[in-house]
Amino acid sequence: MDKSQISKKSTEREKIVTTQETEEDVILNISLRPSKLSDFIGQKDLSDNLKVSMEAARKRKEPLEHVLLSGPPGLGKTSLANIIAHEMGTRITTTSGPAISRPGDLVGILTNLEAGDILFIDEIHRLSSTVEEYIYPAMENFEIDVIMDKGPYAKTYKFNLKPFTLIGATTRAGLLTAPLRSRFGIFHHLDFYETPDLVKIITRSAKILSISIEGSAAEEISRRSRGSPRVANRLLRRVRDWVQVKGDGKIGLEAVESALKSHGIDKMGLDNVDRKVIQAMQESFDGGPVGIESIAATLNEEPDTIIDIVEPFLLKIGFLKRTPRGRELTRKACEHMGFSNSRREPQKGLF
Ligand code: ADP
């Protein structure tokens, strides 16, 4: 397969299993996105702690301290930011690190906030360093220094801001600078969801979408959802399409297996791109150790796609390990892919 085909495949896959938000998600998630903490399934420690922090802030009649949410895409960071706004009874302004390109953009957003408002910055690790400098006094003292003009005529104006809560979300907490990280009072990491929680999420979504689904079918979708509610909801919709066209409209185990097989999603929830990464590591680098850049170059993929989407789940299921010299395939991954046999054919029953 040449590189353009690989790249086309990965684009197809982006639509199905990607943990990034697609247009369909944006439209459909409006109804699937939990709006109250009681609808937010799983991540129990996190939601218990958040509940206490919110109640304490409400009792003190103060805004919640700044919150940093980290974890792989699709695990509920944006949902939580909206839930916090709902539970605190405040407004939320949503933006993202790359969208705030100049300090002036940030000043505009901050000066428009009302007391108690929430400012949600997604991908906060991608804020530029100049913008970041402006955010420190805003977070700490609710003020912002704006420099007008240049050289000898430069003047600094101080703007007082209304007390607000900044909620930052990041897939890479490690890329946040220490001064920014230290200005968050509350820090939570979201972990991949276990199957029983994903079953609950799928069952809830099926109910909202008025789809009939058997317990065993919900469980099978959960097992193949890479620990991500966003993927779980997306697979549910793909299976729904399948049963509406080829089945009787009800989602059973067989329909899940056939529909997901047709989308190239195997029993572990791996898709074409995951398998391509594993295959490239085995065939071009003898199983590693190898750096992400080299794998990405071989597959004509962006290193960020592999770092954010492919790698975390492969690490989580023990298919990859990190070593000081790069990433290495584990025996478990080789067994799953059938690399132990001389013809390197995928193991029977991959799907
Ligand atoms: P992130 O911001 O981390 O990328 P989102 O908050 O956008 O993730 O979550 C993606 C989708 O997954 C949501 O729109 C929602 O439908 C679903 N979801 C995420 N977390 C949960 C949860 N704990 N309970 C129920 N649904 C969830």
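To start, this report covers the structure provided alongside it. All values reported here derive from a predicted model rather than from experimental measurement.

Overview of the pattern of salt bridges
Going through the model one piece at a time under the given rule, you end up with 21 salt bridges. Its salt-bridge partner being Asp308, residue Arg172 comes within 2.9 Å of it at the nearest N-O pair. In this pair, Arg172 is assigned in the loop between strand E6 (165-170) and helix H7 (178-181) and Asp308 in helix H14 (residues 303-316), connecting sequence segments 136 residues apart. Overall, Arg172 belongs to the buried group, its relative accessible area being 18%. Among the residues examined, Asp308 registers a relative accessible area of 15% and is labelled buried. Of the charged contacts, one joins Asp197 and Lys200 as a salt bridge, the two residues approaching to 4.0 Å between their closest N and O atoms. Pair noted here: Asp197 and Lys200 are both in helix H8 (residues 195-208), with a separation of 3 residues, about one helical turn. Residues joined by salt bridges that share partners form a network here, namely Glu219, Glu220, Arg223 and Arg224.

Structural notes on the packing of aromatic side chains
By the definition in use, this model includes 2 aromatic pairs. Their ring planes at 70 degrees and their centres at 5.5 Å tell us that Phe142 and Phe164 sit as a pair that is edge-to-face. Pair noted here: Phe142 is in the loop between helix H6 (129-141) and strand E4 (143-148) and Phe164 is in the loop between strand E5 (155-160) and E6, with a separation of 22 residues, a long-range link. Residue class for Phe142 comes out partly exposed when judged on its relative accessible area of 24%. Ring geometry for Phe192 and Phe313: centres 6.0 Å apart, planes at 75 degrees, overall edge-to-face. Within this pair, whereas Phe192 is found in the loop between strand E7 (186-189) and H8, its partner Phe313 is found in helix H14, the two being separated by 121 residues in sequence. Among the residues examined, Phe192 registers a relative accessible area of 14% and is labelled buried. Given a relative accessible area of 5%, Phe313 falls into the buried group. For Arg183, the ring lying beneath its charged end belongs to Tyr136, and the centroid distance is 4.3 Å.

Comments concerning the site of the ligand
As a matter of local geometry, the ligand sits amid 20 residues, with Ile41, Gly74, Thr78, Ser79 and Arg230 nearest to it. Asn233 is positioned such that a nitrogen or oxygen atom in its side chain is 3.2 Å from an oxygen atom of the ligand. Mapped by element, the contributors of at least two residues to the shell around the ligand are helix H2 (23-32), helix H4 (77-88) and helix H10 (229-246). Tallied by class, the residues present in the shell around the ligand amount to 9 nonpolar, 6 polar and 5 charged. The residues that make up the shell around the ligand include at least three from each of domain 1 (43-189) and domain 2 (195-262).

Some points on the environment of Pro98
Mapped onto the elements, Pro98 comes out in the loop between strand E2 (92-96) and helix H5 (103-111). Relative accessible area serves as the criterion here: at 37%, Pro98 is assigned to the partly exposed category. Residues Pro98 and Asp122, spaced 24 residues apart in sequence, show a C-alpha to C-alpha distance of 8.9 Å. Every residue in contact with Pro98, bar those within four places of it in the chain, is listed here: Glu123 and Arg126.

What counts as what
Residues numbered from 1 in each chain as written. Predicted model: local features only at pLDDT ≥ 70, side-chain atom pairs only at ≥ 80, totals over all residues. Heavy atoms only, no water. Salt bridge = Lys/Arg side-chain N within 4 Å of Asp/Glu carboxyl O. Helix = DSSP H or I, 4+ residues; strand = E, 2+ residues; numbered from the N terminus. Buried < 20%, exposed > 50% of the residue type's maximum accessible area, 1.4 Å probe, protein only. Phe/Tyr/Trp six-rings, centres within 6.5 Å; stacked < 30°, edge-to-face > 60°. Lys NZ or Arg CZ within 6 Å of the ring centre and 35° of its normal. Near = heavy atom within 4 Å. Polar contact = N/O pair within 3.5 Å; in protein donor to acceptor, adjacent residues only side chain to side chain. Nonpolar A, V, L, I, M, F, W, Y, C, P; charged D, E, K, R; others polar. Domains from an automatic or database assignment. Contact = heavy atoms within 4.5 Å.

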